[in-house]
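# An overview of the molecular structure
The lines below spell out each chain.
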Amino acid sequence: MAERKHRRGGPASALPSRDDIWQAATLLIGVYGREAMEYADTRRTEQQACGDSAGAETWTLIVSQIEHLLRDAPAARLH
């Protein structure tokens, strides 16, 4: 099983940092545009089906960040 990264000087965390969530959401929007929400929600559902609660929670955070970014983004900037 893969180990989680340690944050600077802190213990390993089951969830990624806010910066990691923002970066993932931004990347997904760059790749999928407005469909990023659907992509991330599908990944969340897959993690839930596998019983991976930490993975599902991570995707829940990413979905929430995508929603926030899309709500505030001008439509012309998205493909």
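Heads up: the structure comes first, above all this text.
The paragraphs below set out a description of the structure included in this document. (Residues numbered from 1 in each chain as written. Predicted model: local features only at pLDDT ≥ 70, side-chain atom pairs only at ≥ 80, totals over all residues. Heavy atoms only, no water.)

The number of helices and strands found in the protein is three helices and zero strands. The N-to-C order of helical and strand elements in the protein reads α-α-α. At a minimum sequence separation of 6, the contacts of the protein that also span at least 24 residues come to 58%. Per element, the accessible surface of the protein, about 5800 Å² overall, is 53% carbon and sulfur. (Helix = DSSP H or I, 4+ residues; strand = E, 2+ residues; numbered from the N terminus. Contact = heavy atoms within 4.5 Å. Areas by Shrake-Rupley, 256 points an atom, 1.4 Å probe, with all protein chains shown as cover.)

The next thing to look at is the packing of helix α2 (residues 36-49) against helix α3 (residues 53-72). Each pair of packed helices gets described by two things: the angle between the helix axes and the distance between those axes. Running from N to C, α2 and α3 cross one another at 165°; their axes reach a closest spacing of 8 Å. In terms of their interaxial angle, α2 and α3 are classed as roughly antiparallel. As α2 packs across α3, the resulting crossing turns out to be left-handed. Taken together, the residues of α3 that come into contact with α2 (itself represented by A36, M37, Y39, A40, D41, R43, R44, Q47 and Q48) are G55, A56, W59, T60, I62, V63, I66 and E67. Partitioned by chemical class, the residues of the contact of α2 with α3 number nine nonpolar, four polar and four charged. (Axes fitted to C-alpha atoms, helices over the stretch in contact; angles between N-to-C directions. Parallel < 35°, antiparallel > 145°, perpendicular 65-115°, else oblique. Left-handed = near helix turned anticlockwise from the far one by under 90°. Nonpolar A, V, L, I, M, F, W, Y, C, P; charged D, E, K, R; others polar.)

Next up on the list: the packing of helix α1 (residues 18-32) against α2. Across the interface, α1 lies against α2 with an axial gap of 8 Å and an inter-helix angle of 120°. Judged on the interaxial angle alone, α2 and α1 are oblique. The segment α1 lies against α2, with L28, I29 and Y32 engaging A36, Y39 and A40. Of the residues in the contact of α1 with α2, the class split is six nonpolar, no polar and no charged.

Before going further, it helps to spend a moment on the nonpolar core. Judged by nonpolar contacts, I21, A25, L28, I29, A36, A40, W59, I62, V63, I66 and L70 together constitute the single largest core of eleven residues. Elements represented by at least two residues in this core include exactly α1, α2 and α3. Per-element accounting of this core gives the leading share, five residues, to α3. (Core = buried A, V, L, I, M, F, W, Y, C linked by side-chain atoms within 4.5 Å. Buried < 20%, exposed > 50% of the residue type's maximum accessible area, 1.4 Å probe, protein only.)

So, on to the packing of aromatic side chains. Under the defined criterion, the tally for this structure stands at two aromatic pairs. Between Y32 and Y39, the aromatic rings sit 4.4 Å apart at their centres with planes inclined by 15°, giving stacked as the arrangement. Y32 gets classed as partly exposed once you look at its relative accessible area, which sits at 31%. The interplanar angle of 70° and the centroid separation of 6.3 Å between the aromatic rings of Y39 and W59 together place this pair among those described as edge-to-face. (Phe/Tyr/Trp six-rings, centres within 6.5 Å; stacked < 30°, edge-to-face > 60°.)

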